[in-house]
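If you want the building blocks of each chain, they are given just below.
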Amino acid sequence: MSLIEITEVRKSYGTNEVLKGINLDVEPGEVIAIIGKSGSGKSTLLRCINGLETPTKGAISVAGAQLLDDEVHLKALRLKVGMIFQQFNLFPHLTVGGNVVLSQTVVKKTAKMQAEDMARRMLDRVGLGHKFDAYPDELSGGQQQRVAIARALAMQPIALLCDEITSALDPELVAEVLAVVRELASEGMTLLMVTHEMKFARDVCSRVVFMHQGKVHEIGPPEEVFADPKTPELRQFLGVL
């Protein structure tokens, strides 16, 4: 059984259909890059998988459990599937450690000492153990995004959704965040990444999904998708003449 199964998912906002029948199965340990122009439905797809948006039609299951639109099921889903956003969404009045502890104690009801222990381990994992007592405004953008990754990892998810997590960063900070993601991929974490980092997609991902106008337009191993795009739309997107 696939870890994540997306079947004929459609999403409309009024008369605007953003997702037009998406089918995608994700196996445990897969690293999938989702690429495509702005407005092609990439972020909406991730938000549907995490339950932040409700599909208009179709079905999504995670680890065999159907995604249903009620608070009990959504909470259970978000314990399994972490999401990291373009903006870091850290609480400025809490320390780095406090930010990583908070969701564990509020959502998982983890005891504070256990949550702190987990926070320290996850911050170590992203190279920021020494910043436990710092505040977000004392960190660079890249460091703040790494804290956001540690916060997601502290929930011990079975998969991580990454929505353009480097696009708000200055170019010199992108590499430090991608290095953390590369490490997670090598450890077997299941990752779905909306990304513009084509070299990273080529080097690290097991499959690339090209979305165009709300559909999965092409899908395959990166060496095929990048070296031999089948459609004019993907060739244009990649700048291949």
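Residues numbered from 1 in each chain as written. Predicted model: local features only at pLDDT ≥ 70, side-chain atom pairs only at ≥ 80, totals over all residues. Heavy atoms only, no water.

The protein chain goes by Amino acid ABC transporter ATP-binding protein, PAAT family in an unreviewed UniProt entry, where it is assigned to Rhizobium tibeticum. Under the UniProt heading Sequence similarities (unreviewed entry), the entry covering the protein chain gives this text: "Belongs to the ABC transporter superfamily." (UniProt positions renumbered as here; feature names shortened; annotations may be inferred.)

Applying the stated rule across the entire model yields 10 salt bridges. With a shortest N-O distance of 3.0 Å, glutamate 17 and arginine 10 are connected by a salt bridge. By sharing partners, the salt bridges in this structure join Lys11, Arg47 and Glu53 into a single network. (Salt bridge = Lys/Arg side-chain N within 4 Å of Asp/Glu carboxyl O.)

Within this structure, the stated rule accounts for one aromatic pair. Considering the side-chain rings of phenylalanine 210 and phenylalanine 237, the 5.5 Å spacing of their centres and the 35° angle between planes classify their relative orientation as tilted. Of this pair, phenylalanine 210 sits in strand 9 (residues 207-212) while phenylalanine 237 sits in helix 9 (residues 232-238); the two residues are 27 residues apart in sequence, bridging distant segments of the chain. What makes phenylalanine 237 partly exposed here is its relative accessible area of 23%. In this structure, arginine 120 packs its charged tip against the face of phenylalanine 132, placed 3.7 Å from the ring centre. (Phe/Tyr/Trp six-rings, centres within 6.5 Å; stacked < 30°, edge-to-face > 60°. Helix = DSSP H or I, 4+ residues; strand = E, 2+ residues; numbered from the N terminus. Buried < 20%, exposed > 50% of the residue type's maximum accessible area, 1.4 Å probe, protein only. Lys NZ or Arg CZ within 6 Å of the ring centre and 35° of its normal.)

What follows is about the packing of helix 3 (residues 96-107) against helix 5 (residues 141-154). Following both chains from N to C, one finds helix 3 and helix 5 inclined at 30°, their axes separated by 9 Å at the closest point. The orientation of helix 3 with respect to helix 5, classified from their angle, is roughly parallel. Crossing geometry of helix 3 relative to helix 5 is assigned as right-handed. Packed against helix 3, whose contacting residues are Val96, Asn99, Val100, Ser103 and Gln104, the element helix 5 presents Val147, Ala150, Arg151 and Ala154 at the interface. For the contact of helix 3 with helix 5, the per-class residue count stands at five nonpolar, three polar and one charged. (Axes fitted to C-alpha atoms, helices over the stretch in contact; angles between N-to-C directions. Parallel < 35°, antiparallel > 145°, perpendicular 65-115°, else oblique. Left-handed = near helix turned anticlockwise from the far one by under 90°. Contact = heavy atoms within 4.5 Å. Nonpolar A, V, L, I, M, F, W, Y, C, P; charged D, E, K, R; others polar.)

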